[in-house]
Amino acid sequence: MLYIMRHGKTDWNARYKLQGRTDIPLNDEGRRMAAAAREQYKGIHFDICYCSPLVRARETAGIFLEGSGVPIVYDDRLKEMSFGIYEGAENVFEKPDLPIYTFFKDPAHYTVVEGGESFDELFARTGAFLREVVDPALDQGKDVLVVGHGAMNSSIVCQVRGLPLERFWDAGIENCRLMLLK
C-alpha cells in the first residue's frame, strides 16, 4: 500500500505565507497535529517512510512514527515545489494580480515564476521517485508512507491516479491527514 501525508502546521501556514523550499519548522500546533495523527492512525502498518528533508516534514515524520521502529529515509525529490521569488509572500490566494495566484486557481495555465520550479520539473522528479523507489517497494509487498508537502504530494496524487493538471488540487492535501493512494 502507498500512503501520503502532508506535514503539520507551521507559523507560515498560520499566516498564509507561501513556504515552498523555505525551511520552516513546525509550530506547537503542528507538533500536536502529528502526535494526534500518530494516535488516530496507530493501527496502520508501514514498512518504510520516505520523507522530504525539509524540517517541517522531518519533524512530522519523526513525531508521527515515534516508537514504531519504522525507518525514515530522506529524499531530495520529495522537497516542496520551489516558488522562487514568491516564497514568503502572504495571502497569494487573494491577489489575482500576482502570477503565483494562477498556480493555485488555474494550475493548467501557470507559468513558472522567477527562480521557481515548473510543473514539468516537479512531475519529473516525483515521477522518478515513484518509478525508482516506490514501485519496487510496492512490488515487494511493502507498505510505504511518503511524508511531504501540499504541491509535492499533489503531484504524486495526480501521477498515481492519472489526473490532469486541471485537477491538481482536487485531493485537498490537509496537514497531517493520511491518504491511501494504492
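Look up a bit, the structure's there.
Rules used in this analysis
Residues numbered from 1 in each chain as written. Predicted model: local features only at pLDDT ≥ 70, side-chain atom pairs only at ≥ 80, totals over all residues. Heavy atoms only, no water. Pairing = 2+ DSSP bridges. Helix = DSSP H or I, 4+ residues; strand = E, 2+ residues; numbered from the N terminus. Axes fitted to C-alpha atoms, helices over the stretch in contact; angles between N-to-C directions. Contact = heavy atoms within 4.5 Å. Polar contact = N/O pair within 3.5 Å; in protein donor to acceptor, adjacent residues only side chain to side chain. Expected span 1.5 Å × (residues − 1). Buried < 20%, exposed > 50% of the residue type's maximum accessible area, 1.4 Å probe, protein only. Arc of directions from axis to C-beta. Left-handed = near helix turned anticlockwise from the far one by under 90°. Nonpolar A, V, L, I, M, F, W, Y, C, P; charged D, E, K, R; others polar. Salt bridge = Lys/Arg side-chain N within 4 Å of Asp/Glu carboxyl O. Phe/Tyr/Trp six-rings, centres within 6.5 Å; stacked < 30°, edge-to-face > 60°.

Visitor: Residues and numbers for the sheet that holds strand E3 (residues 72–74), please.
Guide: Spatial strand order, E3-E2-E4-E1-E5: five strands in an open sheet with mixed pairing. Sheet topology places E3 and strand E5 (178–180) at the edges, where each strand pairs with a single neighbour. If you compare each strand with its neighbour and ignore which way they point, the axes differ by 25° on average. Strands in contact with helix H3 (residues 55–64) are strand E1 (2–6), strand E2 (48–51), E3 and strand E4 (144–148); relative to E4, the strand with the most contacts, it is inclined by about 140°.

Visitor: Run through the side chain of Thr-10, naming residues and quoting values.
Guide: Considering the arrangement of structural elements, one finds Thr-10 in the loop between E1 and helix H1 (11–14). From its side chain, Thr-10 meets the backbone nitrogen of Trp-12 in a polar contact 3.2 Å long. The contact partners of Thr-10, leaving out residues within four places of it in the chain, are Gln-19, Ile-24, Pro-25, Leu-26, Asn-27 and Arg-56.

Visitor: Quick one: what's the story with helix H2 (residues 28–40), residue by residue and with numbers?
Guide: Taking 1.5 Å as the rise per residue, H2 with 13 residues should run 18 Å; its terminal C-alpha atoms sit 18 Å apart, in good agreement. Along H2, the residues that are buried comprise Gly-30, Ala-34 and Ala-37. Down the axis of H2, the buried set is contained in an arc of 60°. They therefore lie on one face. More than 90 degrees from the buried face of H2, the exposed residues found are Asp-28 and Arg-32.

Visitor: Before we move on, could you go through unusual backbone geometry and cite the residues and values that matter?
Guide: Within the chain, Tyr-16 stands out as a residue other than glycine whose phi angle is a positive 55°. On the secondary structure map, Tyr-16 appears in the loop between H1 and H2. For Tyr-16, a relative accessible area of 51% corresponds to the exposed category. You will see that Cys-176, though not glycine, has its phi angle at about 60°, which is positive. Classification of Cys-176 by relative accessible area gives buried; the value is 6%.

Visitor: Just give me the short version of the packing of helix H5 (residues 119–139) against helix H6 (residues 150–161), but keep the residues and values in it.
Guide: Viewed as axis vectors pointing N to C, H5 and H6 meet at an angle of 65°, and their least axial separation amounts to 9 Å. For the pair H5 and H6, the sense of crossing is right-handed. For the pair H5 and H6, the contacting residues are Leu-122, Phe-123, Arg-125, Thr-126, Gly-127 and Leu-130 in the first and Ala-151, Met-152, Ser-155, Ile-156, Cys-158, Gln-159 and Val-160 in the second. Of the residues contributing to the contact of H5 with H6, the split by class is eight nonpolar, four polar and one charged.

Visitor: Residue-level account of the pattern of salt bridges, with values.
Guide: Applying the stated rule across the entire model yields 13 salt bridges. For Arg-21, the salt bridge goes to Glu-117, with nearest N and O atoms at 3.4 Å. Residue Arg-21 is found in the loop between H1 and H2, and its partner Glu-117 is found in the loop between helix H4 (99–105) and H5; the two are separated by 96 residues along the sequence. On the basis of relative accessibility, which here comes to 32%, the residue Arg-21 falls in the partly exposed class. A salt bridge links Arg-31 to Asp-28, with the shortest nitrogen-to-oxygen separation between them at 3.2 Å. Highlighted residues: Arg-31 and Asp-28, both in helix H2, separated by three residues, approximately one helical turn. One network of salt bridges, with partners in common, ties together Arg-21, Glu-117 and Arg-125.

Visitor: If you had to explain the packing of aromatic side chains to someone new, which residues and values would you point to?
Guide: In this structure the tally under the stated criterion is 18 aromatic pairs. Each ring, one from Tyr-41 and one from Phe-64, has its centre 6.3 Å from the other, and the planes form 70°; the classification is edge-to-face. Separated by 23 residues along the polypeptide, Tyr-41 in the loop between H2 and E2 and Phe-64 in helix H3 bring together distant segments of the chain. Of the two residues, Tyr-41 and Phe-64, neither departs from the other in class, the shared state being buried. Members of the aromatic cluster, each reached through a chain of ring pairs, are Phe-83, Phe-93, Phe-103, Phe-104, Tyr-110, Phe-119, Phe-123, Phe-168 and Trp-169.

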